[in-house]
Amino acid sequence: MKIDRRSFLAFSVGGAAGTALSPLPWKLTDDSSIWSQRWPWVPIPADGGIGHVRSTCTLCPGGCGITVRKIDDRPVKIEGQEGHPISQGGVCLLGTAGLQFLYGPSRVRTPLKRTGDRGQGRWTQISWEAALNETAEKLNTLRADGHPQGLACMAGTDHGTLPALLKRFMTVYGSPNFIGPASAKEAQEAALRAMAGVDGTVGFEVEKADFILSFGSGLLDGWGSPVRMFETFSNRQDRKTLVVQIDSRLSNTAAKSDRWVPINPGTEGNLALGIAHHIISESFYNTGFVDNFSGGFDSFKQKVLSDFSPAKVADITGVPADIISELALKFATAHRPLAICGRGRGNAPGALSETMAVLALNALVGNLNADGGIRMLPTPNYISWPDPEMDQIASEGITQPRMDGAGSEQYIYARSLPNRFFQQIEAGQSQVPEILLVTDTNPLFTLRDTKAVKAALDQVPFIVSFSSFMDETAQQADLILPDHIFLERFQDVSAPAGFTRPFIGLTRPVVAPQYNTRHLGDVIIALGGQLEGMIGKAFGWENYLACLKDTLGGKWEGMIEKGFWMDDHFAFPSWDTMFTTATGRFEFNGEKVAADPWNATAAAEGDSSTFPLILVPYDSIRLASGSIGNPPFMMKIVADTVLVKNDIFVQINPETAREYQLSDRQLAILTTPKGEVTVRIHLFEGIMPGLVAMPTGLGHTAFDDFLAGKGVNVNELIGPLEDAASGFDAAWGIRAKLAKA
Amino acid sequence: MSNPSDTTQPEKSGSPAATPETESNGGAVVILFFIFGLAASMVLGWVIFPTLLYSKKKQPVDFNHVLHVAEVENGCQSCHFLREDGTFSGRPTLESCVTCHESVLGVTEEEAHFVSQYVEKNREVPWLVYSEQPDCVFFSHAAHIINAKMDCVTCHGHIGESEHLPFYEENRITGYSRNIWGKNIAGIARNTWDRMKMDACADCHIRENVRQSSIQTEKGGCFVCHK
């Protein structure tokens, strides 16, 4: 049989007919259309049971309640917790994006030991046993040398059982050098101790106030408990509350306020005293309070009347005298006036005098512990552990002076001065710690003059970081003993920033630890047991959870159910009993402030001929500027007037741009006494001529590729200014110059 | 067949000079080749294609439905149940197995394998789900079981009466289970459970006069299932 062309064609036609009569083409068509809709890179969320866990966010000091939505064991979304007393069901951008910290690439997944030079990024993975042994050995050696005060510990918070455990560890070890944070919150607490004698926290009852006078506080830019502030802001029209924002630039808060009062940067304290001048001279103040419950009013009055006349204050602040008088009148005659302080987000403490001036203004109108006023909350007293037994070495070590000088006669009201701690080391004026423990804080990014902080860190022979992330400070460590993140651990969150009732939030694990990390509390307890002397005896708990349950006692059950504990019916003491100063009165000038508290303006560093402009940092709710950097979701919403690719924008007035022949989006060189960087120009009418504003929270060198290398860290360019009255960092900006790139 | 010896002028010309006999031969040949082609492609399409299209996967653990249904009190719903929030837990988790299988029960190899590999290691069994619908389909078991009072067999067939788990056949192109298209490669369904493609859903919805628009969006057609 010959196969010719015809038979081949016949075979083909038969094949085609047969194919058409078979399901092959029709099925393939269907399948290929499905295939084109199911690309392998399109994620398909796993199915499972929906669950919710109530917890408390610890990404900022706000203490918001969160509800984590889970599918089976996997957390998939962070939502606001309905009915939560602080956040009222809301959640901020950082909180929503919080899950990215859980799975993100910057997590430290196992204990690490440095093998290369510091900052080189060469690590070797070690076991927990080896990591703890090495730390314990170093600690034992230091103590055996009779030098326990050579140990220093830096922590991100001062409240709750975790810092309490760390402080206890430091005490029984024999070191006074527990260095907590120093932000606007700590400045408010210092002012409260100085003026009211109250050892506690300052609450601002914004929900009930009807006239809020904000001295540069970024109520919508992350100040205090951000979600609580959003809630208050968004429904203030219903309560007919007026918000006046005093701000050196048109911040988001200023733009959304009822009135924006532009002011020369760094002079907010002067304006507060200028307003006080008008209130006193016109006798608008609450005489019932001032006459019967305050002390030092006469000298305060004299000082204010002589040094802070409206004309003089107008000259310093740039706010016209008639506006100062008008603000004073409105503030004094409002039903429930409230003055708020803490510049921007309140990351920096500022001069003590600024906080004292605002507290004095509140006192003048008699709103201390009044509805819609300042609430003085005693330090939460649920942590009442028996005093630890101290051995000889510890008893001697603990009496040594602190490296940062906090609590000394000169800086009596400061608890911790992290900036001063590093500045003193760098300047060779303080002993260098032999061992430094760092937890929940990232001083190499958040403190002013990062170069000096780096130089100081370089001198410390042994640094142990407990960071969950490879942040800037962890990169410089010798050992990293990674902590769980907030979604994996138990923790109590007490005294949230600016809240007005005794409150403890409960952070609890919503997911099993993803990596080979350990709870800091467990590590401290374990480490205590490995040290010689009496140290182990101070930690009589099996683990941190046992310690937390034991400490919270009867509150535990309710907190597990509700997610928090709050004393709803807390009876605020009245004016005759609330002050615990020596006189039992509110001291306008502070009780034992060493330097003149009313020396209110700290001049920006640098000389005006070389540096004609002034650089000020500004905070934005879209940029996390604390120890934790922006997660990728938040990087996606940073505006293109803030960051484009790796270039950061600075805001300047078009007039300044004309003077320096700069145009919008152009590259420029920004120089300050601390350094020089390349920036892009953003022309902004909302900033006064002569100022340059730079966003905070950018310029990370650590974390992941989504964040590192983007923009500039403003703290590289600004140096700290030591406040004579408190030791706090009083810097609010620095002199600068701009030139074409 | 074309044999040169049968033709008078074999070398001079081609087909125009062919005799009627050779023409009829040639026609038969063409038809034969046509039938060959037809048959070959039919075999390819109906027999070979399905075996090439699907890969056969064994379930991680064999499971005897008959044995378990006899042991449990609540039939299918003992292991495949609606959660309190109305979502459906189709794939039993280890938690429900461990109630009885904390240690090895019986002597089968599969049981020993299950306990050592999953129970002791606390690993979920990665069951392959025959009726897994793609992510773009919104399907509510509650609407069908509670509202429409349908039973499991209507859609899932008699799997509850099996003593061994059948192979999971995965479409190599789409990644879907073969049960979605149906065992019949032509997509012909004899029973309601033979096919779970969109047309099977739509036919029943039309036949049963189910609401033809989405409750949430009030949009008709696609939006009933594709939210």
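Worth saying up front: this structure is predicted, and the values here are computed from it rather than measured.

About the cut-offs
- Residues numbered from 1 in each chain as written.
- Chains lettered and ligands numbered in written order.
- Predicted model: local features only at pLDDT ≥ 70, side-chain atom pairs only at ≥ 80, totals over all residues.
- Helix = DSSP H or I, 4+ residues; strand = E, 2+ residues; numbered from the N terminus.
- Contact = placed C-beta atoms within 7 Å.
- Nonpolar A, V, L, I, M, F, W, Y, C, P; charged D, E, K, R; others polar.
- Pairing = 2+ DSSP bridges.
- Axes fitted to C-alpha atoms, helices over the stretch in contact; angles between N-to-C directions.
- Domains from an automatic or database assignment.
- Buried ≥ 20, exposed ≤ 12 C-beta atoms within 10 Å, placed from the backbone.
- Core = buried A, V, L, I, M, F, W, Y, C linked by C-beta atoms within 7 Å.
- Arc of directions from axis to C-beta.

Further remarks concern the overall build of chain B. Counting its secondary structure elements, chain B contains eight helices and four strands. Ordering the α and β elements of chain B from the N terminus gives α-β-α-β-β-α-α-α-α-β-α-α. Counted over contacts in chain B with a minimum sequence separation of 6, partners at least 24 positions apart contribute 59%.

Okay, the interface of chain A and chain B next. Taken together, the contacts link 26 residues of chain A with 33 residues of chain B. Secondary-structure elements contributing two or more residues to the side of chain A that touches chain B are helix H1 (5-21) and helix H2 (24-35) of chain A. Per element, the largest residue contribution to the side of chain A that touches chain B is twelve residues, and it comes from H1(A). Here the residues of the side of chain A that touches chain B are counted per class, giving twelve nonpolar, nine polar and five charged.

Glancing now at the sheet that holds strand S7 (residues 178-179) of chain A. Residues and elements named next belong to chain A. If you walk across this open sheet you meet the seven strands as S5-S4-S17-S16-S15-S6-S7, and the pairing is mixed. At either margin of the open sheet sits one strand with a lone partner, and together these are strand S5 (123-125) and S7. In the packing of helix H6 (residues 161-173) onto the sheet, the strands contacted are strand S6 (151-155) and S7, and the crossing angle to S6 comes to about 170 degrees.

Moving on: the domain arrangement of chain B. Residues and elements named next belong to chain B. One can read the domain layout of chain B as domain 1 (18-56) and domain 2 (82-89 + 130-224). Each partner contributes to the interface: domain 1 provides six residues, whereas domain 2 provides seven residues. Residues that form the side of domain 1 that touches domain 2 fall into these classes: four nonpolar, one polar and one charged.

All names here are of chain B. Mapped onto the elements of the fold, His113 is located in helix H4 (residues 109-119). The partly exposed category is assigned to His113, around which 14 C-beta atoms lie within 10 Å. As a C-alpha pair, His113 and Ala39 span 74 residues in sequence and 46 Å in three-dimensional space.

Quick look at the nonpolar core now. Core analysis: the biggest nonpolar cluster contains 218 residues, and A:Cys153, A:Ala272, A:Ile275, A:Ala276, A:Ala360, A:Leu615 and A:Val692 have the highest contact counts within it. Of the residues forming this core, the biggest block, nine residues, is contributed by helix H15 (residues 352-364) of chain A. Non-local contacts of A:Val692, meaning those with residues more than four positions away in its chain, are made with A:Leu613, A:Ile614, A:Leu615, A:Val650, A:Ile652, A:Leu670, A:Ala736 and A:Leu738. Ranked by size, the runner-up nonpolar core spans six residues in total, among them A:Ala10, A:Phe11, B:Val29 and B:Phe33.

Two residues of an α-helix separated by three or four positions point the same way, owing to the 3.6 residues in each turn. Residue and element names in this part refer to chain A. When we look at burial in helix H19 (residues 450-459), the residues that qualify are Thr450, Val453, Ala456 and Leu457. Buried residues in H19, looked at end-on, bunch into an arc of 120 degrees, giving them a common side. Buried residues in H19 make contact with helix H17 (418-426), helix H18 (443-446) and strand S16 (462-465).

Residues and elements named next belong to chain A. Burial analysis of strand S19 (residues 503-507) places five of its five residues in the buried class, which makes it a mostly covered element. Residues of S19 alternate between two faces, with Phe503, Gly505 and Thr507 on one and Ile504 and Leu506 on the opposite face, all of them buried. With four bridges joining them, strand S18 (residues 491-494) and S19 adopt antiparallel strand pairing. The residue bridging Gln491 from the neighbouring strand is Thr507, located in S19. Sheet topology places S19 next to strand S20 (residues 564-566); three bridges connect them, and they run antiparallel. Along S20, the bridge assignment pairs Gly505 with Phe564.

What follows deals with the sheet that holds S18(A). Residue and element names in this part refer to chain A. Pairing is antiparallel across the open sheet formed by three strands, whose spatial order is S18-S19-S20. Across the chains shown, the open sheet's two edge strands, defined by having one partner strand only, are S18 and S20. For this sheet the average axis-to-axis angle between neighbouring strands, irrespective of direction, equals 15 degrees.

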